[in-house]
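Summary of the model geometry
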Amino acid sequence: MEEQLVSIIVPVYNMAEVLYTSAKTFINQTYKNLEIIMIDDGSADDSLRVMQQLAAADTRIRVYHQENQGAAGARNTGMSHASGKYYYFPDADDRIKENAVEKLVSAIENTGADMAVCGYEWVNGQDECIMRKSYKPKYFSGKYIRENYDEFIDRDSEYGIYGSMANKLYRAEIIKNNELSVPKISKSEDEAFNILFLSNAGSVCFIEDVLYYYYMSGIVKKGEKYLKNYIESVAAFKNLQMNVVYNWNRDNKKVLEKICRNLAVNFDIYIQMLFLAIPRYKVFKRYKAVKNVVEVFNNELPCREFEPDFRKYKYLVDKKIIRLCIIEDLKVMSEIKNNAK
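This is a predicted model, so every value here is computed, not measured. (Residues numbered from 1 in each chain as written. Predicted model: local features only at pLDDT ≥ 70, side-chain atom pairs only at ≥ 80, totals over all residues. Heavy atoms only, no water.)

With the rule as written, the count across this model stands at 18 aromatic pairs. Considering the side-chain rings of Phe140 and Phe152, the 5.0 Å spacing of their centres and the 90 degrees angle between planes classify their relative orientation as edge-to-face. Pair noted here: Phe140 is in strand β8 (residues 138-141) and Phe152 is in the loop between α5 (142-147) and β9 (168-171), with a separation of 12 residues, a long-range link. Each member of the pair Phe140 and Phe152 is classed as buried. Arranged with centres 6.3 Å apart and planes meeting at 85 degrees, the rings of Tyr144 and Phe152 form a pair that is edge-to-face. Note on Phe152: relative accessible area 0%, which makes it buried. The structure contains a cluster of three or more aromatic residues connected by ring pairs, namely Tyr135, Phe140, Tyr144, Phe152, Tyr159 and Phe206. Positioned above the aromatic ring of Tyr215 is the side chain of Arg95, whose terminal nitrogen or guanidinium carbon lies 4.2 Å from the ring centre. (Phe/Tyr/Trp six-rings, centres within 6.5 Å; stacked < 30°, edge-to-face > 60°. Helix = DSSP H or I, 4+ residues; strand = E, 2+ residues; numbered from the N terminus. Buried < 20%, exposed > 50% of the residue type's maximum accessible area, 1.4 Å probe, protein only. Lys NZ or Arg CZ within 6 Å of the ring centre and 35° of its normal.)

Okay, structure coming up:
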């Protein structure tokens with residue numbers, strides 16, 4: 001059977017140190033009918049030069065440059081230049097197994113599915129697997145997924161459709177016919193795209209093969225750069241879930257509950273990052289920041305009928321605890337002053 005063209009679309013931003021190693025796993029696929037579209041998203045390092053060297057050695061590679069728009073903007077640019085029957089979206093710092101594309105294409109063509117999902121590993125800097133997710137082979141209609149999305153919304157569930165686009169192969173026709181693009185919301189944009197795709201997908205298949213390797217770049221960056229637009233992005237994603245996912249089946253109350261719980265988790269993460277970014281001695285800045293987050297959360301919570309279990313999220317549930325945190329910080333400040341005398 002003739003191999004259908006697959007478009008591998010790779011957003012690149014400041015990846016010069018690892019790009020060559022990662023790109024070789026895209027290039028050396030057992031499936032040969034590929035176009036590899038690499039988008040330099042305004043890199044400040046030598047990423048563009050590395051891409052140009054790779055393109056000079058392989059005619060299947062095309063390189064595009066643009067001002068920084070983020071991963072969503074880069075992927076949208078890549079799709080605008082793609083002509084494959086299927087789209088694949090690996091990240092520039094990750095790696096794929098040599099038969100990844102072959103396995104995913106085979107899964108779609110054997111089942112007629114619009115999306116194929118494979119297993120993956122998270123790998124640390126020492127090439128050690130720190131988490132592994134695999135699936136038992138399974139085929140679901142899009143209708144079943146939409147009506148029972150509580151079974152798919154969580155990554156840890158048996159057939160959790162992990163938010164990333166990187167462990168999935170997409171039928172390009174669905175994207176083109178429905179004019180889909182990756183939403184520019186800074187956080188959860190991959191999952192947002194998957195939701196839009198699933199709104200139009202006829203079916204999805206899962207395969208047992210672990211084909212994708214996420215390389216962890218280290219601890220999440222601290223500071224204002226990471227926190228910028230975080231709450232706005234979380235709220236935008238929640239609104240997309242409410243406008244799309246919840247409307248797939250309003251009788252499925254478990255989905256609404258999970259949307260509420262996920263919102264709580266994201267706000268809790270934000271508060272933890274605030275406490276890392278704001279020094280302990282800036283007590284009232286911390287307090288004001290947390291208070292503002294609590295107010296925003298209360299306004300964004302989609303439904304009061306399902307109150308998330310906040311025992312884990314102490315900074316959101318109980319303002320008394322916030323006051324205790326302030327008292328604790330004041331004690332630390334007092335100790336610092338006393339030791340300085």
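So much for the structure itself; the text now carries on.
This model, assessed by the stated rule, comprises 12 salt bridges. Among the ionic pairs, Asp209 bridges to Lys103, the shortest N-O distance being 3.5 Å. In this pair, Asp209 is assigned in strand β10 (residues 203-215) and Lys103 in helix α4 (residues 100-111), connecting sequence segments 106 residues apart. Given a relative accessible area of 24%, Asp209 falls into the partly exposed group. Across the salt bridge formed by Asp154 and Lys258, the nearest N and O atoms sit 2.7 Å from each other. Taken together, the residues Asp154 in the loop between α5 and β9 and Lys258 in helix α10 (residues 253-277) connect sequence positions 104 residues apart. (Salt bridge = Lys/Arg side-chain N within 4 Å of Asp/Glu carboxyl O.)

Attention now moves to helix α2 (residues 47-57). Among the residues making up α2, those that are buried are Ser47, Val50, Met51 and Leu54. End-on, the buried residues of α2 take up no more than an arc of 100 degrees, which puts them together on one face. Looking at the buried side of α2, the elements it contacts are β1 (6-12), α1 (16-27), β2 (34-41) and β3 (61-66). (Arc of directions from axis to C-beta. Contact = heavy atoms within 4.5 Å.)

Our focus in this paragraph is the pairing of strand β7 (residues 129-133). Taken residue by residue, a regular strand's side chains alternate between the two faces of the sheet. As judged from the four bridges shared by strand β6 (residues 115-123) and β7, these two strands associate in the antiparallel manner. Note that in β7 the partner of Tyr120 across the bridge is Lys133. Here β6 folds back onto β7, and the loop between the two strands holds five residues, one of which, Asp127, carries a positive phi near 60 degrees. (Pairing = 2+ DSSP bridges.)

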